[in-house]
Structure formats: structure tokens, C-alpha cells
Amino acid sequence: MKKSIAIFGLGRFGEALVKEFSKMKVEVLAVDIDEEKVNAYMNIADYAVCANATDEQVLQKIGVKNVDQAFVSVGTDVLASILISLLLKGMGVPEVWAKAKDGNHSKILEKIGVDHIIRPEQESAKRIARHSLSSQMIEFLELSEDYSVVEIKATSKIDGMPLGKLDIRAKYGCTIAGIHRDDQFIISPAPEEVFYTDDILIIIGHNKDITRLEKEVI
Ligand code: ADP
């Protein structure tokens, strides 16, 4: 059975979510209080419903309890966002994601038990800042404030060098967790593993150490 996803609020973020999920093999239910917005999504989402999602009976009627994952992308109307999230959690939706407008909104959503809080502007600013400082970085995943897993493309500087010779863990405190080379994926590479230009290195470490490693070695 297809995974079923409900998106509440078709503002800029909600719209983008509906469009992305519609390209995947999931069933998409899009809900907004504004009829015009709902009409625009009739042909994109599997179901598009015009409803006030702060009303529990309305949520029951549209079958929210059968949804696997819900996104509350009502950002501006904080009270509506809190109420919808509370109702979805209370109705037993297994995974509730909600967009927060600011830190206080985020704290309340956390208290309600929202499973994932999204701060799109903050998250994209972070990504852009990290990418702008690094020409070789392809992707990064923040593990905490200070630690990340990153994908960095190897330059010709390390072409032909074995991992052991670079002494990365001792000198930089980072771990090379894997190497992605064409279709090959080398997990926990051995010290004798040799790097080639354009290898994608998966590195775990402190952000400062990763930056230093990238600048000085890769
Ligand atoms: P963005 O910043 O992503 O554009 P907005 O907060 O501006 O997000 O958009 C929120 C959307 O949620 C709007 O389309 C609005 O009509 C819808 N919305 C607001 N309150 C409710 C509600 N109670 N039920 C359903 N949809 C709502």
C-alpha cells in the first residue's frame, strides 16, 4: 500500500511540498482553508480538500487518522499551526512535521510532541552559508550544532594517496566513513585504500576540523 501524506496549508512551503511529493510514489492529500488554492492543486495532489484544519470533526471527516505522515505548513497563523498539530498528534497520526515561524513557535510545537520541526529559512541559510565557503562540498548533514557528516569531492591534490598516509584522524580528528567512486561504495575504507580525483569522500567530524581538512588536504 502507498504511503499516505497529508499537507495542511498551501502557502509557499506547503505548495512546494505537494509538488515534490506528487512526483513520488506516495498518496498526497492537500488541505487549505482557501478554496482558490485548493482548486489550483486538484490536478496535482491525489486529493485536495478545502477545510478549516483547526476543526477536529473536519479532520475526522477527511480521514486524517489513516494518514501515515502529516505536514503542518501553516506558518503565519501560529495559533492555527499549534491547534492543527495538537489535533493531529491527538488523533494518532504516526508522524507529524510542522513548520515553525520562530524560536517560540518551535518551542511550543516541541512541547506538543511534534516529531519534526522545520525552520525552512534557517535551514536554507545554513546550507547556503556552508556551501558558499566550500567549493568541493556536495552535501552535509548536521548531527549537532558542531558536528556534521559531509560529502566532499576529492581534488587532484590527493590523487593516488593512500588514506593511511594522510593520517586524517590523528591530524584533523575527522573520520572518513566512506568513499563513493562511480558506482562503487567503499564503507569504512582501510588505511591502504587509495584516493582518486573526483572520489566523493563521506567525512564525519567537528565542523571546524572538516573545514581545516578540506582546505589543507582535499
Ligand atoms: P508560507 O510562509 O509557506 O507561504 P503561510 O503561513 O503564509 O505559509 O501559508 C499558510 C497557508 O495555510 C495559507 O494558504 C492559508 O490559507 C492556510 N491556512 C491558514 N489557516 C488554515 C486553517 N485553519 N486550515 C487550513 N488551512 C489554513
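Up top is the structure these notes are about.
On a predicted model such as this, the values are computed, not experimentally measured, just so you know.

Quick notes on the rules
- Within every chain, residues take consecutive numbers counted from 1 along the sequence as written.
- The predicted origin of the model limits local features to residues at a pLDDT of at least 70 and limits the giving and counting of side-chain atom pairs to 80 or more, whereas totals for whole chains, interfaces and linings rest on all residues.
- In computing side-chain values, all of the structure's heavy atoms are included and hydrogens and water are not.
- To qualify as a helix, a DSSP run of H or I must reach at least 4 residues; to qualify as a strand, a run of E must reach at least 2; elements of each kind are numbered from the N terminus.
- What a helix is expected to span follows from its residue count: subtract one and scale by 1.5 Å.
- Burial classes follow relative accessibility: with a 1.4 Å probe on protein chains only, a residue under 20% of its type's maximum area counts as buried, one over 50% as exposed, and anything between as partly exposed.
- Contacts: residue pairs with any heavy atoms within 4.5 Å of one another.
- By definition, two strands form a pair when at least two bridges between them are found by DSSP.
- Viewed with both strands pointing away, a crossover whose connecting path from the first strand over the helix to the second turns clockwise is right-handed.

The terminal C-alpha atoms of helix α4 (residues 78-90) lie 18 Å apart, and with 13 residues this matches the ideal 18 Å at 1.5 Å per residue to within 8%. Of all the residues in α4, the buried ones are A80, S81, I82, I84, S85, L87 and L88. Against β1 (3-8), α3 (56-61), β4 (69-72), β5 (95-99) and α5 (103-112) lie the buried residues of α4. Looking one or two places after α4, you find G92, whose phi comes out positive at around 85 degrees.

A separate point is the pairing of β5. By the bridge criterion, four bridges tie β4 to β5 in an arrangement that is parallel. When the sheet's bridge partners are listed, A70 is paired in β5 with V96. With α4 bridging β4 and its parallel neighbour β5, the resulting β-α-β unit is right-handed. Pairing of β5 with strand β6 (residues 116-118), which is carried by three bridges, proceeds in the parallel orientation.

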